[in-house]
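Now for the letters of each chain:
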Amino acid sequence: MDNNEFNRLLKVCRIKLEESEYDSIKKDVNEILEYFKVLNELDTSGVLEAYHPIKIPEKTHDDTVFEFKNTEGILKNTKTYRFYVVGPDL
Amino acid sequence: MNSYEEFSKKDKPTDYFIKLSETLSKLNEELNAFNVISDLSKLTNFPISVKDNICTKDVETTASSKILKGYIPPFDATVVSKIREKNTFSFLGKTNMDEFGFGSFGVNSEKCAKNPFNTSYVSGGSSSGSAIATSILKYHISIAESTGGSISTPSAFCGVVGFTPTYGSVSRYGLIDYSNSLDKIGIIARKSEDIRFMYDIIKGKDIYDTTSVDINCNNQNNKTIILIDELIKEINPEIEKLFLELVDKFSKMGYVIKHKSIPFIEKAIASYYIIAMAEASTNLAKYTGFKYGFKNENISEKYNQFFTTSRSNFGKEAKRRVVLGTFVRSASVKDMYYSKALKTRTLLINELSKVLNEGFILSPVMPIKTPKFDEINNFSPLEVYKTDMLTIPPNLCGFPHIAFPYAYLNGMPVGAQLITKHWNDYAIIDIVSEWENNFKYNFKYNLGSI
């Protein structure tokens, strides 16, 4: 991965590296990605992907409404104005 | 008799904690086991600690990350709720860990956790504080979490027992996610009976976690121990010698010893790290600087800049994993990395399941001796990842496993691990219990007998 590609990746990740980190992390990333290629030695044709290690019942949460009473508890973890969460410009 | 029953017979538990307070606080200062220590004088029950990536209502929970500094969960994780319902436990504190669980040695934390047997050595990670706290405190159990070996490694380095249950048997609701398909909440204790005692409390289906499963765990034991040749071929010679002595002891306990070969098991490392990093990069996307912990005050910044500035609070290993995880998920290379890793996991689950139907896999926990802090500095990240070669296969495939100390080398504990098939969790607890009948644990500190 060259500098341009690496910089584009950092932008997608919203990660800004310190000058002292840039070269070492770029080197590590390239070395690790190269190592990951060992998987290409395996024939996985016809093999299904395991998104979980066990069989998970295909059931999502029941669509029920309940009252969450501790809204103050949530809001105290944010910067607020009146009853709104203050965030950055879009 | 388990530790809880012994503890309950103490005359004045409150006095016990007051006396312990000064000693424990001083020791904690030296070892960095806890991020928070409760007011010990108020503790009157069986003391437990909780890893800092598990939410505890009204108690700061940071996963040892600067970006979560100040985050106060308004709710308890399901495991914590289940423990509180018993009314027989007191929370001692939140335990130190590698940031978000990203580490094998407990060094990716603002304050590195030190090994209680010798502070020049690492304690292992990522559940470093949980293992240290258990090692120094009698009558203590810690609720920990493992993604790729975060319970087994620190348990082995600190000379305690670490149990990682079948994926899905304990609710992950309230866990600060690292990798959803790999994270498992487990237990670190001094004895297997304490593990059994706590596992009975925390396991079970939870409506808040759709990946939790309600299946009765078994304890099938066919008295067969299997050694995977590829897992023991590259271990430190001194560890290997001790491990072969352990195998011999199991043989004398009546176990049949078999050898098996799984040539592609080494691919588990790449498969694991690709999946773990891919999932971590999405999980960490929610830390944007205006919810949870750190608040970026500069709200006049545009969203992308605001987000980027806030995320500079991630540690170096977190940044590395977010970058790699984002890359392996990208459309142009997804088939080559992420999809390939998931298919490799399928092959490994199938192959290991066949082996585990014949018996229990036994291996050392780490292929190296407990390293000193200055030795770690010479490891590249990839070299660190490769040291997880023994703990990754059961974690990647969700198999229950238990780490236990079996020897001491130059005063430092050495650990082995037993792996079994899905939902056969109690069998490995039973085996370690059987093993403990003929093994004497050493603890440098034994606080609690004051």
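Since this is a predicted model, take the numbers as computed values, not measurements.

Attention now goes to the overall build of chain B. Per the secondary structure count, chain B includes 16 helices and eleven strands. On C-alpha atoms alone, chain B measures out to a radius of gyration of 21 Å, which is about the 22 Å that the 2.2 N^0.38 rule sets for 450 residues. Dimensions of chain B, computed from the C-alpha atoms along their principal axes, are close to 70 × 60 × 45 Å. Put simply, of all contacts in chain B between residues at least 6 apart along the chain, 76% involve residues at least 24 apart.

On to the pairing of strand S9 (residues 360-364) of chain B, then. Residues and elements named next belong to chain B. In terms of residue burial, S9 counts as a mostly covered element, since five of its five residues are buried. Neither face of S9 is open: one carries Phe-360, Leu-362 and Pro-364, the other Ile-361 and Ser-363, and all of them are buried. In this structure, strand S7 (residues 224-228) lies alongside S9, joined through two bridges in parallel fashion. Pairing of Ile-225 across the sheet is with Phe-360, part of S9. Where S9 meets strand S11 (residues 412-419), four bridges bridge the pair, whose relative direction is antiparallel. Following the sheet pairing, Ile-361 is matched in S11 by Ile-419.

Here the focus is the sheet that holds strand S6 (residues 184-189) of chain B. Residues and elements named next belong to chain B. Strand order in the open sheet formed by eleven strands is S1-S3-S2-S4-S6-S5-S10-S11-S9-S7-S8, with mixed pairing between adjacent strands. What marks the edges here is a single partner per strand, and that holds for strand S1 (34-37) and strand S8 (256-260). Strand-to-strand twist across the sheet, computed as the mean angle between neighbouring axes with direction ignored, equals 30 degrees. Note: strand S10 (residues 401-409) against S11, eight bridges, orientation antiparallel. From the neighbouring strand, Leu-409 faces S11, where its bridge partner is Met-412. Together, strand S4 (141-146), strand S5 (161-164) and S6 form the strand contacts of helix H6 (residues 192-202), whose direction differs from that of S6 by roughly 140 degrees.

Regarding helix H10 (residues 303-310) of chain B, the residues found buried are Phe-306, Phe-307 and Ser-310 of chain B. Buried residues along H10 of chain B cover an arc of 95 degrees about the axis, so they all sit on one side.

Of the residues in chain A, 100% reach a pLDDT of 70 or more, and the chain-wide mean stands at 91. Here helix H3 (residues 71-75) of chain A stands out as the least confident element of chain A, with mean pLDDT 85; helix H2 (residues 19-36) of chain A is the most confident, with 96.

So, about the nonpolar core. Judged by nonpolar contacts, the single largest core of 134 residues is most densely connected at Ile-54, Val-79, Val-161, Ile-187, Ile-274 and Ile-402 of chain B. For Ile-274 of chain B, the contacting residues outside a window of four places in its chain are Phe-36 of chain A together with Val-328, Tyr-337, Tyr-338 and Ala-341 of chain B.

Across the contact, 55 residues belong to chain B and 45 residues belong to chain A. Top contributing element to the side of chain B that touches chain A by residue count: helix H12 (residues 335-356) of chain B, with eleven residues. Considering only residue class, the side of chain B that touches chain A consists of 26 nonpolar, 17 polar and twelve charged.

Between two packed helices, both the angle of their axes relative to each other and the distance between the axes serve to describe the pair. With their axes 10 Å apart at the nearest point, helix H1 (residues 3-13) of chain A and helix H11 (residues 316-329) of chain B run at an angle of 100 degrees to one another. Considering their axes alone, H1 of chain A and H11 of chain B lie roughly perpendicular with respect to each other. Contact residues: Leu-9, Leu-10, Val-12 and Cys-13 of chain A in H1 of chain A; Val-322, Val-323, Thr-326 and Phe-327 of chain B in H11 of chain B. Its residues placed into classes, the contact of H1 of chain A with H11 of chain B shows seven nonpolar, one polar and no charged.

On average, chain B scores 93 in pLDDT, and the residues at 70 or more come to 96%. In the predicted assembly, ipTM is 0.94 and pTM is 0.95.

This part takes up the pairing of S6 of chain B. Residues and elements named next belong to chain B. Counting buried positions along S6 yields six of six residues, so the element is predominantly enclosed. With burial as the criterion, each face of S6 is covered, one bearing Lys-184, Gly-186 and Ile-188 and the other bearing Ile-185, Ile-187 and Ala-189. Across five bridges, the pairing between S4 and S6 is antiparallel. In the strand pairing of S6, Ile-143 is matched with Ile-187. Pairing of S5 with S6 involves three bridges; the strand directions are antiparallel. Of the residues in S6, the one forming a bridge with Gly-162 is Ile-188.

Side chains of residues three or four places apart in an α-helix project in the same direction, reflecting 3.6 residues per turn. With 14 residues, H11 of chain B should cover 20 Å at 1.5 Å per step; its first-to-last C-alpha distance of 20 Å lies within 8% of that length. With respect to burial, H11 of chain B is a largely interior element, eleven of its 14 residues being buried. All of the buried residues along H11 of chain B are Ala-318, Lys-319, Arg-320, Arg-321, Val-322, Val-323, Leu-324, Gly-325, Thr-326, Phe-327 and Val-328 of chain B. Looking at the buried positions of H11 of chain B, the neighbouring elements they touch are H1 and H2 of chain A together with helix H9 (268-283), H12 and helix H14 (381-386) of chain B.

Bringing unusual backbone geometry into the picture now. Residue and element names in this part refer to chain B. In the segment running from Gly-125 into Ser-126, the intervening peptide bond is cis, with an omega of 10 degrees. Looking at the secondary structure, you find Ser-126 in the loop between strand S3 (89-95) and helix H4 (128-136). Unusually for a residue other than glycine, Lys-223 sits at a positive phi of about 60 degrees. As for its position among the elements, Lys-223 is in the loop between H6 and S7. Owing to 12 C-beta atoms within 10 Å, Lys-223 belongs among the exposed residues under this scheme.

Residue and element names in this part refer to chain B. If you trace the backbone, Ser-146 turns up in strand S4. When the 32 C-beta atoms within 10 Å are taken as the criterion, Ser-146 is described as buried. In this structure, the C-alpha to C-alpha distance between Ser-146 and Tyr-408, residues 262 residues apart in sequence, is 24 Å. In this view, Ser-146 contacts Ile-151, Ser-152, Thr-164, Lys-184, Gly-186 and Asn-395; residues no more than four positions away in its chain are not counted.

About the thresholds
Residues numbered from 1 in each chain as written. Chains lettered and ligands numbered in written order. Predicted model: local features only at pLDDT ≥ 70, side-chain atom pairs only at ≥ 80, totals over all residues. Helix = DSSP H or I, 4+ residues; strand = E, 2+ residues; numbered from the N terminus. Rg over C-alpha atoms; globule rule 2.2 N^0.38 Å. Contact = placed C-beta atoms within 7 Å. Buried ≥ 20, exposed ≤ 12 C-beta atoms within 10 Å, placed from the backbone. Pairing = 2+ DSSP bridges. Axes fitted to C-alpha atoms, helices over the stretch in contact; angles between N-to-C directions. Arc of directions from axis to C-beta. pLDDT = per-residue confidence, 0-100. Core = buried A, V, L, I, M, F, W, Y, C linked by C-beta atoms within 7 Å. Nonpolar A, V, L, I, M, F, W, Y, C, P; charged D, E, K, R; others polar. Parallel < 35°, antiparallel > 145°, perpendicular 65-115°, else oblique. Expected span 1.5 Å × (residues − 1).

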